[in-house]
Structure formats: structure tokens, C-alpha cells
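Here is how the chains run, residue by residue.
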Amino acid sequence: MKQKTNTRFLPKGLTILHEDRDILVVDKPAGLLTIATDSEKSKTAYASLMDYVKKGSDRSKNRIFIVHRLDRDTSGILVFAKTEVAKQTLQDNWDKTKKIYIAATHGVWKEKQGSIQSYLTESKAHRVYSVDDPKLGKFSETKYKVLKESNLYSLLEIELITGRKNQIRVHFSDKGHPIIGDSKYGNDSKSFPRMALHSLSITLTHPFQKKPLSFTTKIPNFISGLVGGYERIANET
């Protein structure tokens with residue numbers, strides 16, 4: 001049964017899309033970490049939502065659990081579990097969960113749709129990169145389709161087949177079309193207000209009810225505006 005949201009404890013900048021006894025699904029703004037890092041402990045989606053489920057009471061035993069993560073500068077749908085069993089069940093079936101992203105990239109793609117595959121590994125400086133040797137990295141696959149283009153930029157719909165750290169960003173950079181505003185894997189000479197990557201929709205199986213649930217958000221105006229605007233058709237994904 002879907003729960004009613006108590007706006008008094010609603011985390012600032014986060015929109016709750018769905019909440020029931022077992023899961024909590026939110027729309028995360030760009031610029032907010034999913035979980036704490038060495039340099040940032042408190043201003044995270046996890047910390048805010050932990051306060052939310054505790055309803056301001058330190059004595060509350062209510063908790064949330066990380067199912068997956070979004071980069072700080074990536075906005076969109078983020079799924080949390082409210083029990084350890086729900087977390088494990090969701091993670092065990094995560095490869096069967098359909099994850100659709102939207103991104104705006106530099107340049108015009110020669111191939112308007114396709115699949116990018118590589119083995120990803122991470123350097124000691126926490127930079128992810130592709131390698132050819134399967135023994136040195138984890139297999140990663142990103143499917144993409146160009147939705148609209150301008151002279152400078154392209155708007156793409158992405159299906160994340162595997163969910164490696166920084167996967168979309170690395171794969172698009174490998175192809176010579178880095179995501180707009182990506183200072184880590186791109187070489188932007190101008191400043192953008194945010195990175196043009198958004199977790200658009202997720203379709204999953206509820207960990208206990210075993211029924212399919214689908215959540216979809218709007219494409220942020222900044223991202224669609226880079227190609228002169230774009231309106232999605234219902235059931236497009």
C-alpha cells in the first residue's frame with residue numbers, strides 16, 4: 001500500500017515519487033550526493049531521507065538502505081529500500097531492472113543508435129576508464145538512441161544494461177561525445193550550470209508484492225533546452 005507523504009519531513013530538493021512499507025523512490029536534484037564521502041558527510045540524499053523516515057525522532061528504528069547510486073551531478077530517479085531484505089532482493093534482481101537515462105552530449109553522432117561495450121576499471125585517482133582485457137575490468141554495456149540534434153549537441157536516450165560507476169560518462173567520452181558539463185571525462189571550455197545527465201525512468205519488480213512498478217520523471221529543461229527543446233511521447237521508452 002502506497003503511503004502518504006508527510007510534507008513536514010520532506011527533504012529539501014528531493015521529490016518523493018513513491019513510498020510504501022518496503023521501498024522509497026525519489027527524484028534527486030543535480031548537485032546532491034547519494035551517500036556520504038570523505039569530504040561531505042551530511043548533505044546527502046541518504047542522510048535527508050534517513051531523517052525523513054525517522055520523522056525527527058532519534059529513537060526511531062526506521063531506516064533506509066542503499067540499493068544503487070547516482071553521481072552527485074546526475075539528477076533523477078533513485079531507489080532506496082526500507083528493510084535489509086528488500087534491499088537484497090532489489091539488488092539481486094537489479095540486472096533485470098530497466099533503467100533509462102537522458103543525456104545531452106557534444107557533437108553529432110554518426111551512428112544514431114547502437115551499443116557501447118567495454119571493460120571498465122578504476123585508477124587509484126578514482127578515474128574510471130575502458131580496457132580491452134576482460135581480466136583487468138568489468139564488462140559494461142550502454143545502449144543509446146539519438147532523439148534530437150542541433151549543430152553542436154545531441155540529445156540521447158540511454159538504456160543502462162550494466163550499472164558500473166561513471167559508465168555512461170566514460171562510454172560517451174570514449175566515443176568522442178562527452179556529456180555536456182562533465183568536467184571529469186569531458187573537456188568543456190565553457191561553464192555549464194550542471195551536467196546534462198538524468199535518470200529518466202526505472203521499471204522494477206516490487207521485492208515482496210512481485211508486481212512491476214514503473215517510475216518516470218520529466219526531462220530537465222536545461223537538458224532538453226540544449227537542443228532547442230524536446231517533448232517525450234507517452235510510452236516512448
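Scroll up to find the structure this text is about.
None of the values given here were measured: they were computed from a predicted structure.

What counts and how
Residues numbered from 1 in each chain as written. Predicted model: local features only at pLDDT ≥ 70, side-chain atom pairs only at ≥ 80, totals over all residues. Heavy atoms only, no water. Buried < 20%, exposed > 50% of the residue type's maximum accessible area, 1.4 Å probe, protein only. Helix = DSSP H or I, 4+ residues; strand = E, 2+ residues; numbered from the N terminus. Pairing = 2+ DSSP bridges. Salt bridge = Lys/Arg side-chain N within 4 Å of Asp/Glu carboxyl O.

Student: I would appreciate a short explanation of the pairing of strand 4 (residues 75-81) in the present structure.
Tutor: Every other side chain in a regular strand lies on the same face of the sheet, so the side chains alternate between the two faces. Among the seven residues that make up strand 4, seven are buried, leaving the element largely enclosed by the rest of the structure. For strand 2 (residues 23-28) and strand 4, the ladder comprises six bridges, and the chain directions are antiparallel. If you follow L24 over to strand 4, its bridge partner there is F80. Sheet topology note: the strand 3 (residues 65-66)/strand 4 ladder contains two bridges and is antiparallel.

Student: Explain the pattern of salt bridges to me, please; I cannot follow it from the model alone.
Tutor: Opposite charge on two side chains lets them pair, provided their charged atoms get close. For the coordinates displayed, the defined rule picks out six salt bridges. For R21, the salt bridge goes to D22, with nearest N and O atoms at 3.3 Å. Take R21: its relative accessible area is 59%, and that puts it in the exposed class. Judged by its relative accessible area of 4%, D22 falls in the buried class. A salt bridge links E149 to K112, with the shortest nitrogen-to-oxygen separation between them at 2.5 Å. Of this pair, E149 sits in strand 8 (residues 138-149) while K112 sits in the loop between strand 5 (98-106) and strand 6 (113-122); the two residues are 37 residues apart in sequence, bridging distant segments of the chain. Classification of K112 by relative accessible area gives partly exposed; the value is 38%. Ionic contacts of the salt-bridge type, sharing partners, join the residues D71, R169 and D182 into one network.

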